[in-house]
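Residue strings, one per chain:
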Amino acid sequence: MKWSYMDHWVTETPQGPQPPSFNRAHMDRYVKQLSALGFTGFDTFFFSLPMYAGMYGSLPGFERFLQDNGFEKITGIFSAYPSATKFQAPHVRETHDRIVADCEYTLRACEGLTGVENFIVMPSSTYFQVEPVTDDKIKVMADLWNRVGQLTLAHGQKTTCHFEFWGAIRTRAQLDLFFEYTDPRYVYFFCDTAQHTIAGVDPVRMFRDYADRCTGFHFKDTHDVDTEGAYRTPPDPELMAPTVSRWFYEMGTEGGLVDFPALMREIVASGYDGWLTVEHDKAELGGGSYAEATCVAKWYIDHVLAEVAR
Amino acid sequence: MKWAYALNQWNFRMDVFVRHEDHARAFKTIAACGFDHVELAAGTGRWDNLGRPEQIALNYGDDFRPMLNRCGIRGVSSFFWDPGQFAEEEGWAFRSTRNPADHDAIVESARPFVDFLAAVGGSQLVARPVGPAWMGPPVSADDLKVIGEVWNRVGEVAAASGVGVSLHYDCLGAVHSRAELEGLLAATDVGLALDTAELTVGGIDPVDFYRSHAGRVTHVQLKDTRFADAGEEYRMPGAESTMLKGGAGRRIERWFYELGTEGGLVDVKAFVGALRDHGYDGWVVVESDQGGNPAELVMLNRWYLNHELRGLL
């Protein structure tokens, strides 16, 4: 199994807790910490690419620093429009040309890298901005990602869809319809274990049913299923839900709802040979630490999931 | 003079200061330290939900001012806004006041902030007049004329709503030297937001500058610094990080400090004395951005006002 790390981190600085992109020295320390745990893939955000290019001379220069620290390569780029605007909204066809152009810009930024595999997208914006979510709107969104999928394949990357619990495509029926409308040659599935669980969708079953289109995972846990409609909270359900202040947890915490061993059994049985990605999103909430969360998750990989995979 | 506190320090990272209880705790902290007005700062998106009028409306509806009042804050003094800052609400447009082709869009993009300030009783749109020096050639006299023109237009729009415009000098801006800043003031009719630490980092004595241009100063941001630009550091590529976050050069990771900090370069007492001497009646916004713990800093700033400036206030 190949494990990569999704680029969320917070480090202490004289200006308070900041992302490691605060400066090159903090970035170096972050990469070294991930290296110490044996991660060999690195997923990041499209908006981080210019910062890393600036710090390391170029994006390939940053990747070389990763490789000097035991990484194989940058494995995935995450691109998203969480908030719909008049300029960019996946459910509004008139904005698609702009979104496609944005994607092309990001793809060009990746030229010279060893080989990014996944172009990870949020297929929709926030549910409250899209509702009522209709079949027609899902078709419009599917059409967009079919276009983007053809584009990214031409650059060697697969467009793979990462669904948020607060996005407009969130229920199993909506997910099935979206995948029915998208072309399996161009649009793939990215399984975020916590997001599906919060939305009331079983990620293990989801992977089982879409294994042939799955190109990646975010292994993270949650303690809550959204049973109170928090996904519709404006302007942001992820951090502002009235009754849940922290949705995401690292693997191996008390109260975690995701059945990771079952998922790992499905992954092994399917013959999946892509990257498995650890993601810690908002790990600092409630006094947590990204460094400690990542160690605990790696312990879980080595001591629980490795046994399942054996 | 009227005192307010800047909210920007609480919003120190993209994914913090989002929940209502976080906002309330900040406002209560500010109120507990004896400030009853706040300065907001522009941002973008769902997590910067006090950073744009439309986000505030989504966030609080009609309850924004009542919420402030419940926390002990009587109102909003001002809104800091940089038209060059990327915002998803503006389609991530790259705009520069140096480019006349961007002027119409800049004027339009100011309107939501002006309207918001007028609606909540705020009096100053505090604006970054020009982008960073490292992103372009040095400003020429013609550039200053072009920059002045767009701010005059924004000033007219704001004045029609009873809001003032104050241009905020910052130590990374393309308008950097004293001569350039004076050239900008000569090119526009709007006011100046004098930030004591930013001027000091940029090599301009804020006390002397204020005494020379008191009639143009319509807004003040009060904070200290322990460092001044050694010469051309502000021209380093990516100076927002390479200089102000210590990514290169002297590796100084924090430049701005609370009033009364050990080794502070700003003569705060002389500056506030100069404000008093000239009968300044605008806002003095105490600021502690790019610092450490927000609550600690607002308490230290209040202590300084109470104990070191008592005779001047």
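Residues numbered from 1 in each chain as written. Chains lettered and ligands numbered in written order. Predicted model: local features only at pLDDT ≥ 70, side-chain atom pairs only at ≥ 80, totals over all residues.

A. Structural view of the overall build of chain A. The helix and strand inventory of chain A stands at 12 helices and 12 strands. Expected size for 310 residues packed as a compact globule is a radius of gyration near 19 Å; at 18 Å, chain A falls within 12% of this value. Taken along its principal axes, the extent of the C-alpha atoms in chain A is 50 × 45 × 40 Å. Split into buried and exposed, the 310 residues of chain A put 51% on the buried side. Contacts spanning at least 24 positions in sequence make up 80% of the contacts within chain A whose residues lie at least 6 apart. (Helix = DSSP H or I, 4+ residues; strand = E, 2+ residues; numbered from the N terminus. Rg over C-alpha atoms; globule rule 2.2 N^0.38 Å. Buried ≥ 20, exposed ≤ 12 C-beta atoms within 10 Å, placed from the backbone. Contact = placed C-beta atoms within 7 Å.)

B. Representation of the pairing of strand E1 (residues 2–6) of chain B within the structure. Residues and elements named next belong to chain B. Direction of pairing for E1 relative to strand E10 (residues 283–286): parallel, over a ladder of 4 bridges. Counted as the bridge partner of Trp3 is Val284 from E10. Of the pairings in the sheet, the one linking E1 to strand E2 (residues 37–41) comprises 2 bridges and is parallel in character. Within E2, the position partnered with Ala6 by the bridge is Glu39. Crossover connection from E1 via helix H1 (residues 20–32) to parallel E2: handedness right-handed. (Pairing = 2+ DSSP bridges. Right-handed = clockwise from strand over helix to strand, strands pointing away.)

C. View of the sheet that holds strand E7 (residues 217–222) of chain B. Residue and element names in this part refer to chain B. With parallel pairing, 8 strands are arranged side by side around a closed barrel as E1-E2-E3-E4-E5-E6-E7-E10. Each strand of the sheet is rotated relative to its neighbour by a mean of 30°, with strand direction disregarded. Pairing of strand E3 (residues 75–81) with strand E4 (residues 124–127) involves 4 bridges; the strand directions are parallel. Looking across to E4, one finds that Phe80 is bridged to Val126. (Axes fitted to C-alpha atoms, helices over the stretch in contact; angles between N-to-C directions.)

D. Structural view of the interface of chain A and chain B. In this complex, chain A contributes 23 residues to the contact, which on the side of chain B involves 26 residues. Contributions of two or more residues to the side of chain A that touches chain B are made by strand E3 (16–18), helix H2 (49–56) and helix H10 (237–240) of chain A. The element contributing the most residues to the side of chain A that touches chain B is E3(A), with 3 residues. When grouped by side-chain class, the residues that make up the side of chain A that touches chain B number 11 nonpolar, 9 polar and 3 charged. (Nonpolar A, V, L, I, M, F, W, Y, C, P; charged D, E, K, R; others polar.)

E. Quick look at helix H7 (residues 172–181) of chain A. All names here are of chain A. Where H7 is concerned, the buried positions are Gln174, Leu175 and Phe178. Viewed end-on, H7 has its buried residues packed into an arc of 100°, placing them on one side of the element. In H7, the exposed positions that point more than 90 degrees away from the buried face belong to Ala173 and Glu180. Where H7 is buried, its residues meet helix H6 (135–154). (Arc of directions from axis to C-beta.)

F. Region of the structure containing the environment of Ala228(B). Residue and element names in this part refer to chain B. Assignment of secondary structure puts Ala228 in the loop between strand E8 (224–225) and helix H9 (239–242). Its 17 C-beta neighbours within 10 Å are what place Ala228 among the partly exposed residues. Between the C-alpha atoms of Ala228 and Ala186, which are 42 residues apart in sequence, the distance is 26 Å. Beyond its immediate sequence surroundings of up to four residues, Ala228 is in contact with Thr200, Val201, Gly203 and Leu265.

G. Summary view of the sheet that holds strand E12 (residues 275–278) of chain A. Residues and elements named next belong to chain A. Read around the closed barrel, the 8 strands follow the order E1-E4-E5-E6-E7-E8-E9-E12; overall the barrel is parallel. Taking the axes of each pair of neighbouring strands and ignoring which way they run, one obtains an average angle of 30° across the sheet. As defined by bridge partners, strand E1 (residues 2–6) adjoins E12 across 4 bridges and the pair is classed as parallel. In the sheet register, Tyr5 faces E12, and the bridge partner there is Val278.

H. Representation of the nonpolar core within the structure. Judged by nonpolar contacts, the single largest core of 94 residues is most densely connected at Tyr5(B), Phe79(B), Phe113(B), Leu125(B) and Val285(B). Membership of the second largest hydrophobic core comes to 84 residues, among which are Tyr188(A), Phe217(A), Val278(A) and Ile301(A). (Core = buried A, V, L, I, M, F, W, Y, C linked by C-beta atoms within 7 Å.)

I. The arrangement of H1(B) in detail. Residues and elements named next belong to chain B. In this model H1 runs 18 Å from its N-terminal to its C-terminal C-alpha over 13 residues, within 8% of the 18 Å that 1.5 Å per residue would give. Taken together, the buried positions of H1 are occupied by His23, Ala26, Phe27 and Ile30. Down the axis of H1, the sector holding all buried residues measures 95°, keeping them to one side. Where the residues of H1 are buried, they touch E1, E2, helix H3 (64–70) and helix H11 (294–308). (Expected span 1.5 Å × (residues − 1).)

J. Spotlight on the pairing of E4(B). All names here are of chain B. Neither face of E4 is exposed, since Gln124 and Val126 on one face and Leu125 and Ala127 on the opposite face are all buried. A crossover links E3 with its parallel partner E4, the connecting element being helix H4 (residues 103–120), and its sense is right-handed. Bridging between E4 and strand E5 (residues 164–168) involves 4 bridges; their strand directions are parallel. Note that in E5 the partner of Gln124 across the bridge is Gly164. Each parallel crossover has a hand, and for E4 linked through helix H5 (residues 141–160) to E5 it is right-handed.

K. The arrangement of the packing of helix H11 (residues 260–270) of chain A against helix H12 (residues 290–309) of chain A in detail. All names here are of chain A. Close contact between H11 and H12 brings their axes to 8 Å; oriented N to C, the two are set at 35°. Where H11 crosses over H12, the two elements pack in a sense that is right-handed. Contact with H11, carried on its side by Phe260, Pro261, Met264, Arg265 and Val268, involves Val304, Leu305, Val308 and Ala309 of H12 and no other residues of that element. Grouping the amino acids of the contact of H11 with H12 by side-chain chemistry returns 8 nonpolar, no polar and 1 charged. (Left-handed = near helix turned anticlockwise from the far one by under 90°.)

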